[in-house]
Amino acid sequence: MMKETHGAQTADVARFTLPIRPDLVGVHSYGAPQLDVAARLNVNENPFPLPDDVVEAVTESVRSVVSGLNRYPDRDATELRAALAVYAGAETPARVSAEQVWVANGSNEVMHHLFLAFGGPGQSALSFSPTYSMYPEYARDTFTRFAFVPRDDEFQIDVALALAAISEERPSIVIVTSPNNPTGTVLPGHHLREIADAALAHGAMLVVDEAYAEFRRDGTPSALELLDQYPNLVVTRTMSKAFGLAGARVGYAIAADSAVIDALCVVRLPYHLSAVTQAVALAALGHARTLLAQVAMLRDERDRLFDWLVDEGFTTLPSDANFIMFSGVDDRDRVWRALLDQGVLIRQPEPAGWLRVSIGTPRENDMFRSALRIATGRSPVAHDQLTEGSR
Ligand SMILES: *Cc1c(COP(=O)(O)O)cnc(C)c1O
């Protein structure tokens, strides 16, 4: 008689190892710390809660879709893409139609879709370091080769190096981040055009990541202005930063050519953007002016913090985003920790020796200033040196 077996053989259980993709073995997921401290200035969020009238409008908009949640959402997010086309179209002489707009769960997903459609085995992507740390991960996920061209001492893109790398590497995707994270620097318009020309000549997509566009200083151009000149141009934006909607996960792209959107439709998962997300984003866009009202204030706070850092003798860079990168501390680990001990969480970005602080509310920025003085052995900020806004 055969012995009846129940469950797995012990030897098999002992021998089993997860058949993880070989290149992912030992790779750990990385994310910035999410700590419940008084001043969370490490991931460039908008520090202000949504105003009451926007809370009302978003709640109403969500309420209107809840009973229909038994159905899949509009897979083409038709209404939202049309609204985004109007919003983005206001910044460019080019006509932007809904067919040129893509929307997904954060611009991270937009970028992932771009890598799925334009990257892949045998293809490569090129970017300019230091920059946003997620790009190599999209490349890894999609088996796309990834190459970095280092920025110069001022963290600007060296255009000669960029052009050489494009003709050597023959990437299918060139990513320019402007304003750049973590440096806050922007690519001047004439340099952007030179890179766009080279990408076009070599058959590459030019993806300009403008996650921080709304924070740029007056006179700083957007790549959207070039939309009707470069068929290979895609500009990505997000509602996570200026709109204060990081928790809603809404990012979008505007492509010069609607065929790009057709390609993204091929690789996205079915019904990738929930009806709830679409409802939230639509209501928020309807209140864009209210939501963006805080941007001017954050820009002022940023410029003031920049001046303060300079006055205090730190090394820093003018920023077109809602954060500032600075250096001039002996031991950044120790300073980062000393700030955290005082309830102020900031970021240790990629370039060694530098720190990055997001612009918070006036009160949070004051906390940062006094905590940084203490952390770097300066005397604490006297009360009369605090900014107007915090009193
Ligand atoms: C924050 C950020 C994003 C936005 O990510 P979401 O997925 O839209 O929240 C994109 N690019 C850069 C450079 C960023 O810093």
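None of these values were measured; they are calculated from a predicted model.

Mind laying out the pattern of salt bridges, listing which residues take part and the relevant values?
In total, this model carries 17 salt bridges according to the counting rule given. In this structure, Arg15 and Asp12 form a salt bridge, with 3.4 Å as the shortest nitrogen-oxygen distance. Of this pair, Arg15 and Asp12 both sit in helix α1 (residues 10–15), three residues apart, which is roughly one turn of the helix. A relative accessible area of 59% means that Arg15 is categorised as exposed. A salt bridge links Arg145 to Glu169, with the nearest nitrogen and oxygen atoms 2.7 Å apart. Of the two residues, Arg145 is situated in strand β4 (residues 145–150) and Glu169 in helix α6 (residues 159–169); the sequence distance between them amounts to 24 residues. Assessed through its relative accessible area of 22%, Glu169 is described here as partly exposed. Three or more residues are tied together by salt bridges with common partners; here these are Glu91, Glu210, Arg216 and Arg237.

Pulling in residues and values, what's your account of the sheet that holds strand β6 (residues 205–209)?
Spatially, seven strands are ordered β2-β8-β7-β6-β5-β3-β4 in an open sheet, and the strand pairing comes out mixed. Edge strands, defined here as strands with exactly one partner in the open sheet, are β2 (101–104) and β4. This sheet shows a mean twist of 20 degrees between the axes of neighbouring strands, independent of strand direction. Here β2 runs beside strand β8 (residues 251–255); their pairing, made up of four bridges, is antiparallel. Following the sheet pairing, Val101 is matched in β8 by Ile254. Here helix α7 (residues 189–201) sits on the sheet and contacts β5 (173–177) and β6; the angle it forms with β6, its principal contact strand, is near 150 degrees.

Go over the domain arrangement of the protein, please, and point to the residues and values.
According to the domain assignment, the protein contains domain 1 (39–50 + 289–390) and domain 2 (52–286). In this assembly, 25 residues from domain 1 lie in contact with 31 residues from domain 2. A combined buried area of about 2,500 Å² lies between domain 1 and domain 2, and 61% of that area is made up of carbon and sulfur atoms. Among the residues domain 1 hides against domain 2, the three largest losses belong to Leu50, Leu291 and Asp320. Together they make up 29% of the total. For the interface between domain 1 and domain 2, the tally reads two salt bridges. The closest approach of N and O atoms between Arg217 and Asp320, which form a salt bridge, is 2.8 Å. Counting the contacts that link domain 1 with domain 2 gives ten residue pairs in polar contact (both at pLDDT 80 or more). Only α10 (288–311) and β10 (323–327) provide two or more residues apiece to the side of domain 1 that touches domain 2. The greatest single-element share of the side of domain 1 that touches domain 2, amounting to seven residues, is contributed by α10.

Thresholds, definitions, all that
- Residues numbered from 1 in each chain as written.
- Predicted model: local features only at pLDDT ≥ 70, side-chain atom pairs only at ≥ 80, totals over all residues.
- Heavy atoms only, no water.
- Salt bridge = Lys/Arg side-chain N within 4 Å of Asp/Glu carboxyl O.
- Helix = DSSP H or I, 4+ residues; strand = E, 2+ residues; numbered from the N terminus.
- Buried < 20%, exposed > 50% of the residue type's maximum accessible area, 1.4 Å probe, protein only.
- Pairing = 2+ DSSP bridges.
- Axes fitted to C-alpha atoms, helices over the stretch in contact; angles between N-to-C directions.
- Contact = heavy atoms within 4.5 Å.
- Domains from an automatic or database assignment.
- Buried area = accessible area lost by both parts, 1.4 Å probe.
- Polar contact = N/O pair within 3.5 Å; in protein donor to acceptor, adjacent residues only side chain to side chain.

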